[in-house]
2 protein chains.
Amino acid sequence: MSTSLKEIASIVGVSTTTVVRALKDRPDVKEETKQRIIKVAKELGYRPNILARGLVTNRSFTVGIVVPDLTNPFFPELIKGIETTIWAKGFNAILADTDYDLVKEEAAIESLISRQVDGIVIAPIESRRDRAVYEMLQESGVPFVCMSMVQDLNTDLVIADDEAGAYAAVRHLLSLGRRRVAYMGSSLSPRADAERLSGYKKALQEAGIDFDESLVLRGDQRDVDSGQSLMNEYFASGRTCDAVLSFSDLMALGVMKAVRQRGLSIPSDVAVVGFDDIKVASAMEIPLTTVSIPKYNLGEEAANLLIRRIDQLKGKKDTDKRSPGTVTFQKIVLRPTLVVRGSCGASSKTGQ
Amino acid sequence: MSTSLKEIASIVGVSTTTVVRALKDRPDVKEETKQRIIKVAKELGYRPNILARGLVTNRSFTVGIVVPDLTNPFFPELIKGIETTIWAKGFNAILADTDYDLVKEEAAIESLISRQVDGIVIAPIESRRDRAVYEMLQESGVPFVCMSMVQDLNTDLVIADDEAGAYAAVRHLLSLGRRRVAYMGSSLSPRADAERLSGYKKALQEAGIDFDESLVLRGDQRDVDSGQSLMNEYFASGRTCDAVLSFSDLMALGVMKAVRQRGLSIPSDVAVVGFDDIKVASAMEIPLTTVSIPKYNLGEEAANLLIRRIDQLKGKKDTDKRSPGTVTFQKIVLRPTLVVRGSCGASSKTGQ
DNA sequence: TTGTACGCGTTATCAA
DNA sequence: TTGATAACGCGTACAA
């Protein structure tokens, strides 16, 4: 099919070894033959077969990216951060979307290992039964970085500071005079949810406000409708609030819809704050105040950490690959920033 | 590193051939040895090296996906459609984001070819100078499917019917009594832009309305701000309109902002219609009427077409690979649907 | 029922 | 300055 070193060699009348040297522009080839080889290679449109190369070098220059749902606006930016970073270092990305399906997640990881990826960045589903999958991955020896905590497993980790994010948001709301701040969490991300709730409580406590369990709701962060219906139920049950911090911007949009349907206005009656800072958050009629997560940077950091791991793994010649006692995992935590826009009722200059 | 057939063979005390047969559950292996082999393979966590396999079978079971910008909400759904479809057939996806950079697009394609992908799905940048890149790709012999037309090149193509989409939208607006309908196009997608403009004109003509060049604007479809500033300029120049069809939902959001800033109301003063139907379109305070493009389906169709191409290419044993005269390219056109919501002023039951 | 031998395209080692 | 040769892990004729 495609031209190989051997073909070039036979055409030019040299050995493949010489062809390799010429194409890699090594100094130890006669200039004339080098030129002849390069010329023929160009004419034939020679492209190295990276698979074959990987077979001998034991490096595929490929990393796997595993996410639960591409269409969640959170992930494309993250992936872009990863892809751009690894691309700059000569790596390609194999992408797998698990659809929040544990079976597919496991299959995806198996497939990636079979494809000899040099490493994996993975945003776990956060199922209660995902531990086994990650233990399998650890045993495989393929380095990987998680974008959220997997139960009590020790892994490399790159995450946002959820507690600090929620804390800043609630603190801000309280400083604006809000007193009944609802927390709309998500049961799909129990770890992050717990962190945020903790930040929420901390802010309340500092302001001397008692924690009120009835102000805590939980739904599905991926879904506008979830935020809306949750908020509707909340109102329907006779409860009230003057502010809502929701787990995602998508949910926050749903909250806004519900609030309006209730005939209340934003932000005067109810302040709404989201989480993530997706692109359209600023484009709403009432621009959404939100805890902005540096998604692209998270991707960058994860990619850089992973590549470091790969280098230190493949770097050492053949000193025993696993020295399980020695490994210290890294945990990189990025601070989110509160982006104040219209929906929280602050008189801000930001976010127009 | 990872266990190979050879290792298993030497442990069990048979040849690699036998191991292969056992692992593929061929009938011509003694049941007992088969079980022994399978057992050992399991214990050692054997995983076939797909790269090595590809070297001999000349099939990598990988397809490349090339898009100009992952964070444009249009693409994740498209990619998901592709990825899910090919995954079901045993393929993995290598993803490349070109950042609307022709140089990176070419590099990405080269890289994919070097990685021996079996095929490529590509959403072209639509630069004026992209032709060379695609000719290179054609010469490589790797089958590929385009998600938009590349100049006057003949390729497999899977696209939405832009003309029909725009036509339906404008027709609807006119049926609601709108008379000055602005068309906000995009200079980044000249082909689709021309198609839509044509649909726009067609609808006007049928209604007996003269085409007015001053109602046509052009900006950057990726950007909310572009829609906003374009619309601002429009108003500032003293022009008016009672409806706007914009090239993307993102742009439409910008238009809505500008209209409100102008003190006009939606939809009574100005009806706004978008294109794409991104997730949040329905979550706006005034839900956005839009021409819904079946992004996921486009991805599915592209993937299926590509896999058909791959099969028919690799299927034939070794009858000359390129019979350039014989190839007939396919063009699959999917119809978009107009989703009527609040922003166009129809009294609809849809889209709440 | 099992094994031998070769090839896929590349890199690496050693020798000339 | 150049070339044999082996090796990576797997698949497949061809034998036995």
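See the structure printed just above.
This is a predicted model, so every value here is computed, not measured. (Residues numbered from 1 in each chain as written. Chains lettered and ligands numbered in written order. Predicted model: local features only at pLDDT ≥ 70, side-chain atom pairs only at ≥ 80, totals over all residues. Heavy atoms only, no water.)

A. Representation of the protein's contact with DNA strand C within the structure. Surveying the vicinity of DNA strand C reveals 27 residues, the closest of which are Tyr46(A), Arg53(A), Thr17(B), Thr18(B) and Arg21(B). Those atoms of DNA strand C that come within 4 Å of the protein belong to sugar or phosphate at a rate of 59%. In this structure, a base nitrogen belonging to DNA strand C sits 2.7 Å away from a side-chain N or O atom of Arg21(B). If you tally residues by element for the surface near DNA strand C, the top one is helix 4 (residues 50-57) of chain A, at five residues. In the surface near DNA strand C, the residues fall into 11 nonpolar, nine polar and seven charged. (Near = heavy atom within 4 Å. Polar contact = N/O pair within 3.5 Å; in protein donor to acceptor, adjacent residues only side chain to side chain. Helix = DSSP H or I, 4+ residues; strand = E, 2+ residues; numbered from the N terminus. Nonpolar A, V, L, I, M, F, W, Y, C, P; charged D, E, K, R; others polar.)

B. How the structure looks around the interface of chain B and chain A. Taken residue by residue, the interface counts 61 residues in chain B and 62 residues in chain A. A combined buried area of about 5600 Å² lies between chain B and chain A, and 57% of that area is made up of carbon and sulfur atoms. Where chain B touches chain A, the interface holds 12 salt bridges. Between Glu110(B) and Arg47(A) there is a salt bridge whose closest N-O contact spans 2.6 Å. The interface formed by chain B and chain A holds 32 residue pairs in polar contact (both at pLDDT 80 or more) in total. Counting only elements with at least two residues in the side of chain B that touches chain A, the list comes to helix 4 (50-57), helix 5 (74-88), strand 2 (92-97), helix 6 (102-114), helix 7 (131-140), helix 10 (224-236) and helix 11 (249-261) of chain B. (Contact = heavy atoms within 4.5 Å. Buried area = accessible area lost by both parts, 1.4 Å probe. Salt bridge = Lys/Arg side-chain N within 4 Å of Asp/Glu carboxyl O.)

C. Just the protein's contact with DNA strand D, in detail. Around DNA strand D there are 24 residues in total, and Thr18(A), Arg21(A), Leu5(B), Tyr46(B) and Arg53(B) lie nearest to it. Of all atoms in DNA strand D that approach within 4 Å of the protein, 62% are sugar or phosphate atoms. The contact in question runs from a base nitrogen of DNA strand D to an N or O atom on the side chain of Arg21(A), over 2.6 Å. Lys24(B) places a side-chain nitrogen or oxygen 3.4 Å from a phosphate oxygen of DNA strand D. Contributing elements (two or more residues each) for the surface near DNA strand D: helix 2 (16-23) and helix 4 of chain A together with helix 1 (5-12) and helix 4 of chain B. Residue contributions to the surface near DNA strand D peak at four residues, all from helix 4 of chain B.

D. Inspection of the nonpolar core at higher detail. Core analysis: the biggest nonpolar cluster contains 166 residues, and Ile79(A), Met231(A), Leu298(A), Ile79(B), Met231(B) and Leu298(B) have the highest contact counts within it. Those residues in contact with Met231(A) that sit more than four places away from it in its chain are Met184(A), Leu217(A), Cys241(A), Val244(A), Val255(A) and Ala258(A). (Core = buried A, V, L, I, M, F, W, Y, C linked by side-chain atoms within 4.5 Å. Buried < 20%, exposed > 50% of the residue type's maximum accessible area, 1.4 Å probe, protein only.)

E. Highlighting unusual backbone geometry. Of note, the amide linkage connecting Ile266(A) to Pro267(A) takes the cis form, showing an omega dihedral of 0°. Located in the positive-phi region is Asp277(B), a residue other than glycine, with phi close to 70°. Summarising the element assignment, Asp277(B) is placed in the loop between strand 9 (271-276) and strand 10 (289-292). Taking relative accessible area as the criterion, Asp277(B) reaches 18% and is therefore assigned buried.

F. Broad picture of the packing of aromatic side chains. In the structure shown here, the tally under the stated rule is 12 aromatic pairs over all chains. An angle of 55° between the planes, with centres 5.0 Å apart, marks the rings of Phe61(B) and Phe91(B) as tilted. Taken together, the residues Phe61(B) in the loop between helix 4 and strand 1 (62-67) and Phe91(B) in the loop between helix 5 and strand 2 connect sequence positions 30 residues apart. Judged by its relative accessible area of 29%, Phe61(B) falls in the partly exposed class. The class for Phe91(B) is buried, based on a relative accessible area of 3%. Here the aromatic rings of Tyr134(B) and Phe144(B) are separated by 6.3 Å at their centres, their planes lie at 45°, and the arrangement is tilted. Here the residue Tyr134(B) occupies a position in helix 7, and Phe144(B) occupies one in strand 4 (residues 144-146), the gap between them amounting to 10 residues. Neither residue differs from the other here; Tyr134(B) and Phe144(B) are each classed as buried. Above the ring of Phe247(A), the side-chain terminus of Arg196(A) is found at 3.8 Å from the ring centroid. (Phe/Tyr/Trp six-rings, centres within 6.5 Å; stacked < 30°, edge-to-face > 60°. Lys NZ or Arg CZ within 6 Å of the ring centre and 35° of its normal.)

Everything listed here is a matter of geometry and, on its own, says nothing about what the molecule does.
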